Amino acid sequence: MSADLPVGSTVASGDAALLRASRFNRHTFWCGQSGSGKTYALGVVLEQLLLRTRLPLVVLDPNSDFVGLGRTRAGAPAEPAAELGKRDIRILRPGTGYDPLLVRFVDMDARSRAAVLQLDPVRDAEEYNTMLRVDRALLDGLDGTLLDWLRRSEDPAFHRSATRLENLGVSDWDLWAWDERDVTDVVGDRADATVLDLGGFDEAAQAQTVALAVLDRLWARRHEREGRLVVIDEAHNLAAPDPRTPLERALTERIIQIAAEGRKYGIWLLLSTQRPSKVHPNVISQCDNLALLKTSSVADLAELGQIFGFAPAEMLAEAPNFDRGRALFAGGFIDVPRLVRMGERITEEGGADVQVPLR
């Protein structure tokens, strides 16, 4: 099987459009406004990566768009559908009836635990320091919940942390693994794809906590240099240019760090969003691959032109007129910049538009 990824046909000639699988060892920026076919097109590429490479995928999925990645759609070509069916694809979702999406709070990085509790290192100096002192060695013999453990402590600062847990409602989240396998354990299995359905949570903070736990663990194990593609769909939810809460700041800082340094350790990002201005500039500036679907904003196209100087200006100028499913690919993962008509999906699309009911 070829190492190149057939993702559709070139607009100019109708020939097969091929992406270089080997150049997904760079960060990729995937952009297109609502209704452009951005998510569908991304699914086409992820399917081809599953078919033609051994690169493990970790998909942070805030809109439940990729939960069907393990199910072939009716009418899909038989041979690739059968081959895709052999892949180990894990779908983790909140709630019952699914493989559970859980986090072990006590295993999180100490600063990330503090961020979950919305502690600022300056404003909440004493409580923040308390979280730094609650290290893994203290928690090895944890009997019951963390809340109970904090309450039993003789340290008044631990009691205040317990009160904060209760007041924020964090102790009531159904997210906590306690003695069960958590998301970092599953990601550590290195399945062909692990999809984390962040869209199933009621609060953004829970989705952010899952993402932070996973990215922290990948970064902590970076010296193992095991290649992995981390797909962050709707990346503005996790790497905004103006993070406000301690949790949002911790998550954005980790993504910036991975964008800046992760490539040499084999942690490669694919960031998908509707507008470049909605993602932190220190993340976008580290991307070497560009996929652009319909984008009508002149300001957005000007920004993309400045960041991605390898994307021809005349092709960028056509982006407002792209029909659904047309994309511009430029950068290291394609031989020359090309306009591409995306091919058909093999698996089910989770986030298809709701149709207007007709009489």
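Basis of the calculations
- Counting from 1, residues in each chain are numbered in the order their sequence is written.
- Only residues with pLDDT of at least 70 are given local features in this predicted model, and only at 80 or more are side-chain atom pairs given and counted; all residues enter the totals for whole chains, interfaces and linings.
- Side-chain measures here rest on the full set of heavy atoms in the structure, leaving out hydrogens and waters.
- Burial status follows relative accessibility: with a 1.4 Å probe on protein chains alone, a residue under 20% of its type maximum counts as buried, one over 50% as exposed, and anything between as partly exposed.
- Put simply, DSSP H or I for four residues or longer makes a helix, DSSP E for two residues or longer makes a strand, and each gets a number counted from the N terminus.
- Directions drawn from the helix axis to the C-beta atoms are what define this arc.
- The criterion used for residue contact is that any of the two residues' heavy atoms lie within 4.5 Å.
- Distance and chemistry together define a polar contact, namely a pair of N or O atoms within 3.5 Å, with one atom able to donate a hydrogen and the other to accept it when in protein, and with adjacent residues in sequence counting only for side-chain atoms on both sides.
- At least two DSSP bridges between two strands are required for those strands to pair.
- Angles here are taken between N-to-C directions and fall from 0 to 180 degrees, while the axes themselves are lines fitted to C-alpha atoms, restricted in helices to the stretch in contact.
- Salt bridges, as used here, are contacts in which a Lys or Arg side-chain nitrogen is within 4 Å of a carboxyl oxygen on Asp or Glu.
- Any angle that falls under 35 degrees is termed roughly parallel, while one over 145 is termed roughly antiparallel, one within 65 to 115 roughly perpendicular, and all others oblique.
- Basically, the charged four are Asp, Glu, Lys and Arg, the nonpolar ten are Ala, Val, Leu, Ile, Met, Phe, Trp, Tyr, Cys and Pro, and anything else, Gly included, counts as polar.
- Think of a nonpolar core as a cluster: buried Ala, Val, Leu, Ile, Met, Phe, Trp, Tyr and Cys residues, connected wherever their side-chain atoms sit within 4.5 Å.

(A) Inspection of helix α12 (residues 298–307) at higher detail. Listing the buried residues of α12 in full gives Asp300, Leu301 and Leu304. For α12, the angular spread of buried residues about the axis comes to 95 degrees, placing them on one side. Away from its buried face, by an angle of more than 90 degrees, α12 presents the exposed residues Val298, Ala299 and Gln306. Those residues of α12 that are buried lie in contact with β3 (28–31), β10 (289–292) and α13 (313–317). Capping the start of α12 is the job of one residue whose side-chain oxygen sits 3.4 Å from the backbone nitrogen of Ala299: Ser297.

(B) Looking closely at the pairing of strand β2 (residues 16–20). Side-chain alternation along β2 places Ala17 and Leu19 on a buried face and Ala16, Leu18 and Arg20 on a face that remains uncovered. Direction of pairing for strand β1 (residues 4–10) relative to β2: antiparallel, over a ladder of 5 bridges. In the sheet register, Pro6 faces β2, and the bridge partner there is Leu18. Counted along the chain from β1 to the antiparallel partner β2, the turn is 5 residues long, and its residue Gly14 has a positive phi close to 85 degrees.

(C) Expanded view of the environment of Leu175. By secondary structure assignment, the location of Leu175 is in the loop between α7 (156–168) and α8 (183–187). You can call Leu175 buried: its relative accessible area is 0%. Taking the C-alpha atoms as reference points, Leu175 and Leu101, separated by 74 residues in sequence, lie 7.0 Å from one another. When residues no more than four places from it in sequence are discounted, the contact partners of Leu175 are Leu101, Leu102, Val103, Phe201, Gln206, Thr209 and Val210.

(D) Region of interest: the sheet that holds strand β6 (residues 99–100). Read across the open sheet, the 12 strands follow the order β2-β1-β12-β11-β10-β3-β9-β8-β4-β7-β5-β6; overall the sheet is mixed. Strand pairing shows two members of the sheet lacking a second neighbour, β2 and β6, which therefore form its edges. Against the sheet, helix α9 (residues 204–220) touches β4 (57–61), β7 (193–197), β8 (228–232) and β9 (267–273), its axis set at about 160 degrees to β8.

(E) Structural detail: the pairing of β10. Residues of β10 alternate between two faces, with Asn289 and Ala291 on one and Leu290 and Leu292 on the opposite face, all of them buried. With 4 bridges connecting them, β10 and strand β11 (residues 326–331) associate as antiparallel partners. Bridge assignment links Asn289 to a residue of β11, and that residue is Gly331.

(F) A look at the pattern of salt bridges. According to the stated counting rule, one finds 29 salt bridges in the structure shown. Among the salt bridges present, the one from Asp288 reaches Arg263, with a minimum N-O distance of 3.1 Å. Pair noted here: Asp288 is in the loop between α11 (281–284) and β10 and Arg263 is in the loop between α10 (246–261) and β9, with a separation of 25 residues, a long-range link. Residue classification places Asp288 among the partly exposed residues on the basis of a relative accessible area of 27%. Of the charged contacts in the structure, one is a salt bridge between Arg338 and Asp335, with a shortest N-O distance of 2.9 Å.

(G) The side chain of Asp120, seen in detail. By the element assignment, Asp120 lies in the loop between α3 (110–116) and α4 (125–133). When its relative accessible area of 16% is taken as the criterion, Asp120 is described as buried. From its side chain, Asp120 meets the backbone nitrogen of Val122 in a polar contact 2.8 Å long. The contact partners of Asp120, leaving out residues within four places of it in the chain, are Ala125, Tyr128, Pro246 and Arg249.

(H) Structural context of the packing of α4 against α7. Viewed as axis vectors pointing N to C, α4 and α7 meet at an angle of 100 degrees, and their least axial separation amounts to 9 Å. Between α4 and α7, the interaxial angle falls into the category roughly perpendicular. Between α4, through Glu126, Glu127, Thr130, Met131 and Arg133, and α7, the contact on the second element is made entirely by Ala157, Phe158, Arg160, Ser161 and Arg164. In terms of residue class, the contact of α4 with α7 is built from 3 nonpolar, 2 polar and 5 charged.

(I) Just the nonpolar core, in detail. Counting residues in each nonpolar core, the largest one holds 78 residues, and the members touching the most others are Phe29, Leu196, Leu198, Ile232, Ile255 and Leu292. Excluding anything up to four places from it in sequence, Leu292 contacts Cys31, Leu301, Leu304, Leu316, Ala319, Phe322, Arg326, Ala327 and Leu328. In terms of nonpolar packing, the next biggest core, distinct from the first, is built from 41 residues, Leu57, Val195, Leu270 and Ala291 among them.

(J) Representation of unusual backbone geometry within the structure. Residue Arg225 is not a glycine yet carries a positive backbone phi of 50 degrees. Take Arg225: it is sitting in the loop between α9 and β8. One non-glycine residue, Glu234, lies in the positive phi region at around 50 degrees. With respect to the element layout, Glu234 can be found in the loop between β8 and α10.

(K) Representation of the environment of Thr130. With respect to the helices and strands, the residue Thr130 is situated in helix α4. Among the residues examined, Thr130 registers a relative accessible area of 0% and is labelled buried. The residues contacting Thr130, other than those within four sequence positions of it, are Ala157, Phe158 and Ser161.

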